[in-house]
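Spelled out from the first residue to the last, the chains are:
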Amino acid sequence: VQLQASGGGLVQAGDSLRLSCAGSGHTFSRYTMGWFRQVPGKEREFVASISRSGRTTVYTDSVKGRFTISRDNAKNTVYLQLNSLKPEDTAVYYCAAHFTYPHEKTMRGLGEYSYWGQGTLVTVSS
């Protein structure tokens, strides 16, 4: 599956953004999807994951209550809604996919994902 992330930009603290990740090439609904982020000089870190149907989601503690992951399998797209943004949320955000059909699960591990998008930069000014 090929992934194309978009929606990043420069915002102020407290603002919102919605990131999108469009998939193509395979049956999107057969993939667990995830979002990760990376700051230069640091390791890529897990942000959120969503199961194939969208019924199950999981988040890293620092974004719980502020970020929401969702998906529209009819549109082959996964979203990450970022609310109440903080300067420490500044990073390049990557979407990722892994074929998990027929299982319904989320995944937190960087190495668990087989496919990656190119990243979209989110910059939050104070």
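Undergrad: Can you walk me through the state of the cysteines in this structure?
TA: Note on terminology: a disulfide is the covalent bond linking the sulfur atoms of two cysteines. Applying the stated rule across the entire model yields one disulfide. Each disulfide pairs two cysteine sulfurs, and for Cys 21 the partner residue is Cys 95, the sulfurs being separated by 2.1 Å. Its S-S torsion of approximately 60 degrees makes the covalent link between Cys 21 and Cys 95 right-handed. Linking Cys 21 in strand β3 (residues 17-24) with Cys 95 in strand β9 (residues 91-99), this pair joins segments that are 74 residues apart in sequence. With respect to burial, Cys 21 and Cys 95 carry one shared label: buried.

Undergrad: Can you help me understand the environment of Leu 80 in this one?
TA: Within the secondary structure, Leu 80 is located in strand β8 (residues 77-82). The spacing of Leu 80 and Tyr 93 is 13 residues in sequence and 9.7 Å in space, taken between C-alpha atoms. In this structure Leu 80 touches Leu 17, Arg 18, Leu 19, Trp 35, Val 47, Ala 48, Phe 67, Thr 68, Ile 69 and Tyr 93, once residues within four positions along its chain are discounted.

Undergrad: How should the environment of Leu 3 be read in this particular structure?
TA: Take Leu 3: it is sitting in strand β1 (residues 2-6). The sequence separation of Leu 3 and Val 58 amounts to 55 residues, and the corresponding C-alpha distance is 20 Å.

Undergrad: What am I meant to see in unusual backbone geometry here?
TA: Most peptide bonds take the trans form, and the phi angle of most residues other than glycine is negative. In this model, Tyr 101 is joined to Pro 102 through a cis peptide bond whose omega is 5 degrees. Here Pro 102 lies in the loop between β9 and β10 (115-116). In the Ramachandran plot, Asn 76 falls in the positive-phi region, its phi being about 55 degrees despite a non-glycine side chain. If you trace the backbone, Asn 76 turns up in the loop between β7 (67-72) and β8. Taking the relative accessible area as the measure of exposure, Asn 76 reaches 24% and is therefore partly exposed.

The rules behind each value
- Residues numbered from 1 in each chain as written.
- Predicted model: local features only at pLDDT ≥ 70, side-chain atom pairs only at ≥ 80, totals over all residues.
- Heavy atoms only, no water.
- Disulfide = S-S within 2.5 Å.
- Helix = DSSP H or I, 4+ residues; strand = E, 2+ residues; numbered from the N terminus.
- Buried < 20%, exposed > 50% of the residue type's maximum accessible area, 1.4 Å probe, protein only.
- Contact = heavy atoms within 4.5 Å.

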